Amino acid sequence: MDRFSKYNPKASLLFFASVIVLTMLIFNPVYLSLSLAGGLLYSIKLKGKGAAGFLFKLVLPLILLVAAFNMLFVHTGETVLFSLLDTPFTAESLFYGFNQGVMLGAVIMWFSCYNSTVTAEGLMSAFGKRAPNIALVFSMVLTFIPRLKKNLAEIEDARMLADSEKSKMKKALNNLSALVSMTLEESIETADSMKARGFGGKRNPYSKYRFSNKDLAVMLFCALSFAAVIAYKAAGKTDFIFEPIISMPEVSFICITVFAVLCLLPLIIDFAEDIKWFYLKQKI
C-alpha cells in the first residue's frame, strides 16, 4: 500500500513540482542519478514489475539514444574515444548526452508516478477553489489520452472481423474515422451533462480531502528542501564541468543529502509508517 498517495493533493503536487523542477534545473549527474533512482523506486512501489518494463522499454533506450545522438553531432572535449573520417568522437560529448538522457528519463519517471498518485479528482480538489475552470480543463486533458486508447481498443476489437479482407491502411483509416466520431459524440454528451448540472453558475466545490498536520509537514519539508537546493545552486555548489574535461568543482554532501531525502520522501514515509505499526503490534 502506498501511503503517500493518501496525502492531500496539495502536498503531493508540491512534492512532484519540487522534484521535477530541481531535476530540470540541476544539470549534475549525481543529482540526476538520485532523481532517476528515486523515481524508479517509487514507481516500483506503485506499479510493481510494470515499472521495470517501463524502464527497459522506454527510459533506458531513450537515455542511450540521446547519448549516442549527442556524441554524433557534438565533438567538444579532449578525451577522444575514436575518430571516423577525421571526426573525433569524445567521451565528454558522450557523457553530456548521457546526462541529458538521464534528466529526460528521470522527468518521465516522475510524471509516471504523478499520473498514478494524483487523480483528476485530487487535482480538482487542489485548484477547485482558486481556479476551477483551469483545474477542470487540465483534469480533462489528463484523462483524454487514456480514454482515446480505450476507445480505439474497443473499435479495433469490434471491427476485427468486419475489416478482415481490407489492407492495413484502410483498416487504420476506418478505425480513425470511427474514433473521431466516437470522441465527438462523447464531447457532446459531456457538454450536455455539464450544462444540465449547472456548470458555469455559482457553485461550491466539494472535496473529500482534508488537510492535516502531516500534509503541512510534507509541504514545509518540500518547500524548505527546494529553497535549500536552489540556494546551493546559486552559490555554485552543484556545478559540474563537462568540457574540456569532466570534473566536479565542489561537492556539497549536505545538498546531496537534502536532495536525496526529497527524492526518497514517499518511500521514507512508508518506511516510517511500517516501523510505527510494527512497534504498535508489539505492544498488543
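The structure reproduced in this document is the subject of the present report. All values reported here derive from a predicted model rather than from experimental measurement.

So, the side chain of Ser-12
Part 1 of the reasoning: Within the element layout of this structure, Ser-12 appears in helix H1 (residues 9–25).
Part 2 of the reasoning: Look past the residues within four positions of Ser-12 in its chain and what remains in contact with it is Phe-4, Tyr-7, Thr-117 and Val-118.

Considering the nonpolar core
Part 1 of the reasoning: Ranked by size, the top nonpolar core spans 27 residues in total, and within it Phe-4, Phe-15, Phe-16, Trp-110 and Val-218 carry the most contacts.
Part 2 of the reasoning: For this core, the secondary structure elements donating two or more residues are H1, helix H2 (29–47), helix H4 (91–117), helix H8 (213–234), helix H9 (253–263) and helix H10 (265–283).
Part 3 of the reasoning: It is H1 that contributes the most residues to this core, seven residues altogether.
Part 4 of the reasoning: The residues contacting Phe-16, other than those within four sequence positions of it, are Phe-4, Tyr-42, Trp-110, Cys-113, Tyr-114, Thr-117 and Val-118.
Part 5 of the reasoning: Within the second largest apolar cluster, 10 residues are counted, among which are Leu-36, Val-59, Val-102 and Met-103.

Some details on a nonpolar patch on the surface
Part 1 of the reasoning: A contiguous nonpolar surface patch, about 290 Å² in accessible area, is contributed by Leu-41, Ile-44, Leu-264 and Ile-268.
Part 2 of the reasoning: Tracing the sequence through the fold places Leu-264 in the loop between H9 and H10.

Concerning the pattern of salt bridges
Part 1 of the reasoning: As enumerated under the stated definition, the model contains one salt bridge in all.
Part 2 of the reasoning: Where Lys-45 meets Asp-270, a salt bridge forms, and the shortest distance between an N and an O atom there is 3.6 Å. Separated by 225 residues along the polypeptide, Lys-45 in helix H2 and Asp-270 in helix H10 bring together distant segments of the chain.
Part 3 of the reasoning: Accessibility expressed as a relative area gives 35% for Lys-45, which makes it partly exposed.

A look at the side chain of Asn-28
Part 1 of the reasoning: Mapped onto the secondary structure, Asn-28 falls in the loop between H1 and H2.
Part 2 of the reasoning: Within the structure, Asn-28 has its side chain in polar contact with the backbone nitrogen of Val-30 (distance 3.0 Å).
Part 3 of the reasoning: Those residues in contact with Asn-28 that sit more than four places away from it in its chain are Asn-99, Thr-238, Asp-239, Phe-240 and Met-248.

Digging into H9
Part 1 of the reasoning: What H9 keeps buried is the set Cys-255, Ile-256, Phe-259, Ala-260, Leu-262 and Cys-263. Viewed along the axis of H9, the buried residues span an arc of 160°, placing them on a single side of the element. Exposed residues pointing more than 90 degrees away from the buried face of H9 are listed as Phe-253 and Ile-254.
Part 2 of the reasoning: Lining the buried residues of H9 we find H1, H2, H4, H8 and H10.

Conventions we followed
Starting afresh in each chain, residues are numbered from 1 along the sequence in its written order. Totals for whole chains, interfaces and linings use all residues, but because this is a predicted model, local features are given only for residues with pLDDT of at least 70 and pairs of side-chain atoms are given and counted only at 80 or more. No hydrogens and no water enter the side-chain calculation; it runs on all heavy atoms of the structure. A run of DSSP states H or I qualifies as a helix once it reaches four residues; a run of E qualifies as a strand once it reaches two. Both are numbered from the N-terminal end. Throughout, a contact is declared for two residues whenever any of their heavy atoms are within 4.5 Å. Nonpolar cores are built from buried Ala, Val, Leu, Ile, Met, Phe, Trp, Tyr and Cys residues. Side-chain atoms within 4.5 Å join them into one set. To sort residues, take the accessible area from a 1.4 Å probe on protein chains only and compare it with the maximum for the residue type: under 20% means buried, over 50% means exposed, and anything in between is partly exposed. Exposure above 30% relative accessible area and the absence of a salt bridge qualify a residue for a patch, where like charges join within 9 Å and nonpolar side chains (Val, Leu, Ile, Met, Phe, Trp, Tyr) within 5 Å. To be clear on the numbers: accessible area is Shrake-Rupley with a 1.4 Å probe, and residue cover counts the displayed protein chains and nothing else. The rule for a salt bridge is simple: a side-chain nitrogen of Lys or Arg has to be within 4 Å of a carboxyl oxygen of Asp or Glu. Polar contacts, as counted here, are pairs of nitrogen or oxygen atoms within 3.5 Å of one another; within protein the pair requires one atom able to donate a hydrogen and one able to accept it, and residues that are adjacent in sequence qualify only if both atoms are side-chain atoms. Taken from the helix axis, the directions to the C-beta atoms give the arc we talk about.

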